[in-house]
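Next come the chains, spelled out residue by residue.
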Number of protein chains: 4
Amino acid sequence: MSVNTFGRMFRVTTWGESHGPAIGCIVDGCPPGVRLTEAAIQAALDKRKPGTSKYVTQRREPDKARLLSGVFEDDRTDGPRTTGAPVSILIENVDQRSKDYVDIRDKYRPGHADFTYDAKYGLRDYRGGGRSSARETAARVAAGAVAEAALKFLYGETVSIRGCLVQMGPHKIDRARFDWAEIEKNPFWCPDAQTAKEWEEALEAARKAGSSLGAVVEVVASGFPAGLGAPVYAKLDADIAFALMSINAAKAVEIGAGMAAAALTGEENADEIRMRDGRPHFLSNNAGGILGGISTGQDIVARFAVKPTSSILTPRRTIDRFGQETEIVTKGRHDPCVGVRAVPVGVAMLACVLADHALLHRGQCGA
Amino acid sequence: MSVNTFGRMFRVTTWGESHGPAIGCIVDGCPPGVRLTEAAIQAALDKRKPGTSKYVTQRREPDKARLLSGVFEDDRTDGPRTTGAPVSILIENVDQRSKDYVDIRDKYRPGHADFTYDAKYGLRDYRGGGRSSARETAARVAAGAVAEAALKFLYGETVSIRGCLVQMGPHKIDRARFDWAEIEKNPFWCPDAQTAKEWEEALEAARKAGSSLGAVVEVVASGFPAGLGAPVYAKLDADIAFALMSINAAKAVEIGAGMAAAALTGEENADEIRMRDGRPHFLSNNAGGILGGISTGQDIVARFAVKPTSSILTPRRTIDRFGQETEIVTKGRHDPCVGVRAVPVGVAMLACVLADHALLHRGQCGA
Amino acid sequence: MSVNTFGRMFRVTTWGESHGPAIGCIVDGCPPGVRLTEAAIQAALDKRKPGTSKYVTQRREPDKARLLSGVFEDDRTDGPRTTGAPVSILIENVDQRSKDYVDIRDKYRPGHADFTYDAKYGLRDYRGGGRSSARETAARVAAGAVAEAALKFLYGETVSIRGCLVQMGPHKIDRARFDWAEIEKNPFWCPDAQTAKEWEEALEAARKAGSSLGAVVEVVASGFPAGLGAPVYAKLDADIAFALMSINAAKAVEIGAGMAAAALTGEENADEIRMRDGRPHFLSNNAGGILGGISTGQDIVARFAVKPTSSILTPRRTIDRFGQETEIVTKGRHDPCVGVRAVPVGVAMLACVLADHALLHRGQCGA
Amino acid sequence: MSVNTFGRMFRVTTWGESHGPAIGCIVDGCPPGVRLTEAAIQAALDKRKPGTSKYVTQRREPDKARLLSGVFEDDRTDGPRTTGAPVSILIENVDQRSKDYVDIRDKYRPGHADFTYDAKYGLRDYRGGGRSSARETAARVAAGAVAEAALKFLYGETVSIRGCLVQMGPHKIDRARFDWAEIEKNPFWCPDAQTAKEWEEALEAARKAGSSLGAVVEVVASGFPAGLGAPVYAKLDADIAFALMSINAAKAVEIGAGMAAAALTGEENADEIRMRDGRPHFLSNNAGGILGGISTGQDIVARFAVKPTSSILTPRRTIDRFGQETEIVTKGRHDPCVGVRAVPVGVAMLACVLADHALLHRGQCGA
């Protein structure tokens, strides 16, 4: 029973509330010998840090990571290396303005977990959404940095896991202009420079209107071998679906062709295979790099849709915990498009799933 | 590490290959006292049984279930009741025509798990796809029947979990004509009689052309209380995503508005709440009945896209296990639209997830 | 939550009741490529089969195993080999004399699980003890045969896991006469021929008196490398303690010096290390081959105490399910010393724990 | 795969090394609404704190607990209450004298995990034993305090879990003088004042000689209902065996009569049942309160043997990591009888197991 833990071999447990003293994660099962520094974790956290542009929440959290266990360094280890013991990472919360949330103490924000947490637990930490806050995803990103280090240890520096935004509101990127080099040149992880400009306008308009936009995030893992994953209830795609759908505000997950596969014929959909350079080469990738729940060696491609945040300035009809009808305006400091900051979270989740399957595969099949 | 098991409290393990002597499942964690008969399991299995119309595989499997453990009956139990011990269900395989598969012994069918199983395990049971065959889903349906019995035991006879096909190939149903009463009147689980006729033509054309069509399945759970699910890594929607994506040929999962949520604004997306008959009443259901990973008490709504089967009569380019380029035509007896038979499987998976969360919630929160 | 499953990587699930139609096990996680035949499983089962001498229950079960999944054979596999898919083994129950048990339908046998099952579940399958019967251990022995095959696949034919009885009632073996070659020469798995004769008399006396004797079983694994096990909550000794204590009637588990370690000084207890033939060599084995939860490469040595069965002919005071005081005589066909048949069960459990840790170690540490 | 986590429903994860910056635990699955304060956790920690008498290690750790998540307080909660979110507890390490351990950087201390950690992981944090240090048990005690709070929330203030030392070296207590009131009156948790004096002398002699003594700890849970536990692989006694054997230096675990059960006859061993005050009353407790893996409602009684620490001043023969034979004297600050400080750890482990089974039972059986 793993309510706050995921993974079979590479197990990530996160803890902490938005406005508690700290949040953090434990990564259990990281193989020994992996180079892991606080700086590498920090670099990952900096990518999803709040307060970096006007398009993300203005909460100012330094998100400074402390690496508390699981690594060791002496003159034999050539820098800090994992020991096989659990890696504990702690991130202090600094900028909690709990007073912003007095209004939601009794009222349920539509589209938020306020109502369901009360229904389940009978009480809830309403400050900043408590455990349901997207702040929890900082701990995922820290765990993802450990996963990435483990994957490079196992497969070499050439493997990569990247993410981008491919749709904001109704605006999709133009696949013909897709360029990974663009994603760090705009504040949206947009791989298409021209679309990034359109998004800027759309998001500015939404922000000014006190509204919000949904988005679609795409994550891609490259350079991984065939054979990762497992049949039936440990399918790589099912695990990715779980991992991405567990991200706050996610409402759909696609692998490869995704929903569009439904409209294809069998001839169109099946990815034919040739040999190239002595290795199997697929002529297309509708499968998203996964067949029968196991990787094919192609790029592993997944997407998830993120709903527009419900923290908007337009008054919405709701009820309070006493069963009274009322209205609510969610102030506070929120992202007009939470999908933007979901990109590094999606990357982290994919890295964790792959690290998990890498170890599982090695355990079961010895490679 | 649960490769062939899923669920935390209501744990389902399946075993068996397409052309082995039998397949089956173990359900561990079913609460004691649930009325459970072989006949109820058989009724569920009959819904996905092959050989029932020309639109499904012509393999003729009686799919006769034997209930081997976990139930007990004497004059105090008023019929067979579960005892809390594991429920073992066995289904003999009868109609295995293994000779049909000699051609795929060495060749990898594009879009199938042949290549990836070999890459992972170094050997595979190629007869009928072995463990990767959709035949495994019969065991899921049997487990789903146990889950449904458990849910009715816990919540009463009024809860329901239903499924239908809402898209076949490019043809979607008309939501205005949606009628659950229609689904058993056509061979496609189509809730829209007019669309069912269009599908019949489309599928007949595909079948004659040796082609295949994809589909979208929708599953809906009604009558369940708020509070099922859990935060972060046991979210109800994440578990549903895992469960549905684990079904053979699934390529995408949506909850509520799904992918479309990306194009909505915050105002449009958030489901406002009023009181009706003394209970919270949501004015829309973009959330698909789930907020923060926990049920709201509304209908729980999910969809999954099923790719067109790759078992088609058109020759496709592929390679064999020796790295030689070749072509393949997949004969055998296949469904022209595997999405049709995926409907009862989706229902079973949703039932299992809900049974699991019902017990988890009772354990953690006592209700 | 694994109520009827144990193991992390090599996962064993058992099912079935003493007087149901069958019992069985699923082994999930066995690595691919392991030679596994029905005959090997049968040979293991024959060692704990009832009805073989007057010192064990007279129930006559052929305990014929059917291997239903997870193995495959063609001209490339050189006999049946595991495929990585779950191994399902079924054993039909044949000789259920349920009428023997009418008396215990309402009365609770002291020392049995009758009372506690009713307290927990509200109903129980009282025929032959249902799920609490030692008959369940046949499924464990079948799983143990798979584990042994996996271990020989991983480490070679020289590894061994053996068991013997070292105490029956108050009578202990003489360690100076310990000889593994003796254990198959008497019906008690006694490694000391002289003591075996004393046991024969003692057991015959107990059997005639309608009484029963306790015993101590010792299990030893030889030839396994250092490094198996893991810190803290996956310690090899803790897992062995769990596995052996889960055997019916077990009341204590010892590793190495066991309880006697309490009376030693630090100087006496710590096993000193020298080099021999270029490898670490321990001068004693109070540790039982395990330090810090991880194997040292020495013999792994564990013992468990088995209480005398409570199924005796002397009337005992008890109550019935209606809260009435009464007396009970347990007839039926029982072992006068259940410890005898517990030997192959202990061996099987140790094999399963080692197979589990072998795969876990390979997954985490790559070796 | 839970290497640093245990429990099914009440899940405890510990992390941290002896000489790292901190250690801690995450408790996931604690039910909502439990009163839990930092002070309660601190009170538990103070019971195993080092540096309190000359009979325990002179390392001076304040063991100050910080409660970082999972509790919430406002005017509705009447003090801090758990929310159902994971409880994170952090304990800073203060008094790490790593220089004491330079000698063991390359040499393997006999009876310690030095050799096996190197064999498994290839590198290890040798400072103070790293992860294998008994310091990890502070995190267990913190988790045990959460478990105890949860158990009192579930069953009322009358339930208790207590522990004592019943043997030190070869010296056993006199059961006729057993008095729980004595355990806090001497530095050994000894329930027999006269024996405590003998132990004082024996331990003083051992300490002066640079030697160490083993011990036997007894833990007893009172006031718990019948029905906790589960069959086969979640037996209450098997879980207790795992939990106690996972404690550093434990070499044996007994339930009820334990090893002595082997020498009893069936008549002597089975606990007869009468009715008293309208409830089942057992006339003895050889079972240790557990039948068939499920609690009977009697006291739950377990013992574990703790070996004498291998950190002694007598030089011992060993090898170093380069395969050279050498000698070692373990200096540092060690307990002459680690069994003393193992008492609160045993209590904590039993509390965690019971909390786990309480929730599991409620989930599966609804009570």
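Residues numbered from 1 in each chain as written. Chains lettered and ligands numbered in written order. Predicted model: local features only at pLDDT ≥ 70, side-chain atom pairs only at ≥ 80, totals over all residues. Heavy atoms only, no water.

The name an unreviewed UniProt entry gives chain A is Chorismate synthase, with Amphiplicatus metriothermophilus as the organism. Heading Subunit (unreviewed entry) of the UniProt record for chain A holds this comment: "Homotetramer." The Pathway (unreviewed entry) comment attached to chain A in UniProt states, word for word, "Metabolic intermediate biosynthesis; chorismate biosynthesis; chorismate from D-erythrose 4-phosphate and phosphoenolpyruvate: step 7/7." (UniProt positions renumbered as here; feature names shortened; annotations may be inferred.)

J.: Quick question: what am I supposed to make of the overall build of chain A here?
T.: On a plain count of helices and strands, chain A comes out with seven helices and 18 strands. Against the compact-globule benchmark of 21 Å for 367 residues, chain A has a radius of gyration of 21 Å, which places it among compact chains. Projected onto the principal axes, the alpha-carbon positions of chain A cover approximately 65 × 55 × 40 Å. A separation of at least 24 residues holds for 70% of the contacts in chain A among residues at least 6 apart in sequence. Accessible surface, chain A as shown: approximately 11100 Å² in total, 50% of it carbon and sulfur. Both charge centroids of chain A, one from 47 positive and one from 45 negative side chains, sit 4 Å from each other. (Helix = DSSP H or I, 4+ residues; strand = E, 2+ residues; numbered from the N terminus. Rg over C-alpha atoms; globule rule 2.2 N^0.38 Å. Contact = heavy atoms within 4.5 Å. Areas by Shrake-Rupley, 256 points an atom, 1.4 Å probe, with all protein chains shown as cover. Lys, Arg positive; Asp, Glu negative; His and termini not counted. Charge placed at Lys NZ, Arg CZ, Asp CG, Glu CD.)

J.: Help me understand the UniProt feature "binding site: FMN" (unreviewed entry) in chain A, please; the structure alone is not making it clear to me.
T.: With numbering matched to this structure, UniProt assigns "binding site: FMN" (unreviewed entry) to Arg131, Ser132, Ser133, Asn248, Ala249, Gly292, Lys307, Pro308, Thr309, Ser310, Ser311 and Arg333 of chain A. Position of arginine 131 of chain A among the secondary structure elements: in the loop between α2 (114–121) and α3 (136–155). Taking relative accessible area as the criterion, arginine 131 of chain A reaches 4% and is therefore assigned buried. Every residue in contact with arginine 131 of chain A, bar those within four places of it in the chain, is listed here: Asn4, Thr14, Trp15, Gly16, Glu17, Tyr117 and Glu136 of chain A, Pro231 and Val232 of chain B together with Ala85 and Pro86 of chain D. Looking at arginine 131 of chain A, its side chain comes within polar contact range of the side chain of asparagine 4 of chain A, at 3.0 Å. Relative to the helices and strands, serine 310 of chain A resides in the loop between β16 (300–306) and β17 (316–319). Not counting residues up to four positions away in its chain, the partners in contact with serine 310 of chain A are Pro110, Gly111, His112 and Thr330 of chain A together with Ala270 of chain B. In this structure the side chain of serine 310 of chain A is engaged in a polar contact, spanning 3.5 Å, whose partner is the backbone oxygen of glycine 111 of chain A. (Buried < 20%, exposed > 50% of the residue type's maximum accessible area, 1.4 Å probe, protein only. Polar contact = N/O pair within 3.5 Å; in protein donor to acceptor, adjacent residues only side chain to side chain.)

J.: Help me understand the relation of the copies chain C and chain D in this model?
T.: Superposing the two chain copies requires a rotation about an axis and a translation along that axis. With an RMSD of 0.0 Å, the fit of chain C onto chain D corresponds to turning through 180° and sliding 0.0 Å along the axis. A rotation of that kind, with that shift, is consistent with a two-fold axis. Across chain C, the smallest distance between a C-alpha and the rotation axis is recorded for phenylalanine 242 of chain C, namely 2.4 Å. Most of the interface of chain C is mirrored in chain D, where 100% of its interface residues again form contacts. (Least-squares fit on C-alpha atoms with pLDDT ≥ 70 in both.)

J.: Help me understand the interface of chain C and chain D in this model?
T.: It is common to report an interface's size as the accessible area lost on association of the parts. In this complex, chain C contributes 104 residues to the contact, which on the side of chain D involves 104 residues. Both sides together, the interface formed by chain C and chain D hides about 8600 Å², and carbon and sulfur atoms give 63% of it. On the chain C side of the interface with chain D, the three residues burying the most area are Lys120, Tyr233 and Lys251 of chain C, jointly 11% of the side's total. Residue glutamate 325 of chain D is joined to arginine 274 of chain C by a salt bridge in which the shortest nitrogen-to-oxygen separation is 3.3 Å. In this structure, the connection of chain C to chain D is made through 46 residue pairs in polar contact (both at pLDDT 80 or more). In terms of residue class, the side of chain C that touches chain D is made up of 53 nonpolar, 33 polar and 18 charged. In this sheet, strand β11 (residues 250–255) of chain D lies alongside strand β11 (residues 250–255) of chain C in antiparallel orientation, the contact comprising three bridges. By the bridge assignment for β11 of chain D, alanine 252 of chain C is matched with glutamate 254 of chain D. (Buried area = accessible area lost by both parts, 1.4 Å probe. Salt bridge = Lys/Arg side-chain N within 4 Å of Asp/Glu carboxyl O. Nonpolar A, V, L, I, M, F, W, Y, C, P; charged D, E, K, R; others polar. Pairing = 2+ DSSP bridges.)

J.: Got a minute to help me understand the sheet that holds strand β1 (residues 5–6) of chain D in this structure?
T.: Strand pairing in a sheet takes place through backbone hydrogen bonds and is either antiparallel or parallel in direction. Residue and element names in this part refer to chain D. Reading across the sheet, the five strands line up as β1-β2-β3-β7-β4 and stay open at both edges, with antiparallel pairing between neighbours. Looking along the sheet, the strands with just one partner apiece sit at the ends: β1 and β4 (65–67). Two elements, β1 and strand β2 (residues 11–16), share two bridges in a ladder whose sense is antiparallel. For phenylalanine 6, the partnering residue across the bridge sits in β2 and is valine 12. Along the sheet face, helix α3 (residues 137–155) touches β2, β3 (22–28) and β7 (87–92) and points at about 30° away from the line of β3. (Axes fitted to C-alpha atoms, helices over the stretch in contact; angles between N-to-C directions.)

J.: Help me understand the packing of aromatic side chains in this model?
T.: The geometry of two aromatic rings is summed up by the distance between their centres and the angle between their planes. Summed over all chains, the structure comprises 32 aromatic pairs over all chains. Judged by centre distance (5.1 Å) and plane angle (80°), the rings of phenylalanine 178 of chain C and tryptophan 180 of chain C are edge-to-face. Exposure remark for phenylalanine 178 of chain C: the relative accessible area of 23% places this residue in the partly exposed category. The interplanar angle of 75° and the centroid separation of 5.4 Å between the aromatic rings of tyrosine 108 of chain D and phenylalanine 115 of chain D together place this pair among those described as edge-to-face. The exposure class of tyrosine 108 of chain D is buried, given its relative accessible area of 6%. Through a chain of ring-to-ring contacts, the aromatic side chains of Tyr108 and Phe115 of chain A together with Phe282 of chain B assemble into a single cluster. (Phe/Tyr/Trp six-rings, centres within 6.5 Å; stacked < 30°, edge-to-face > 60°.)

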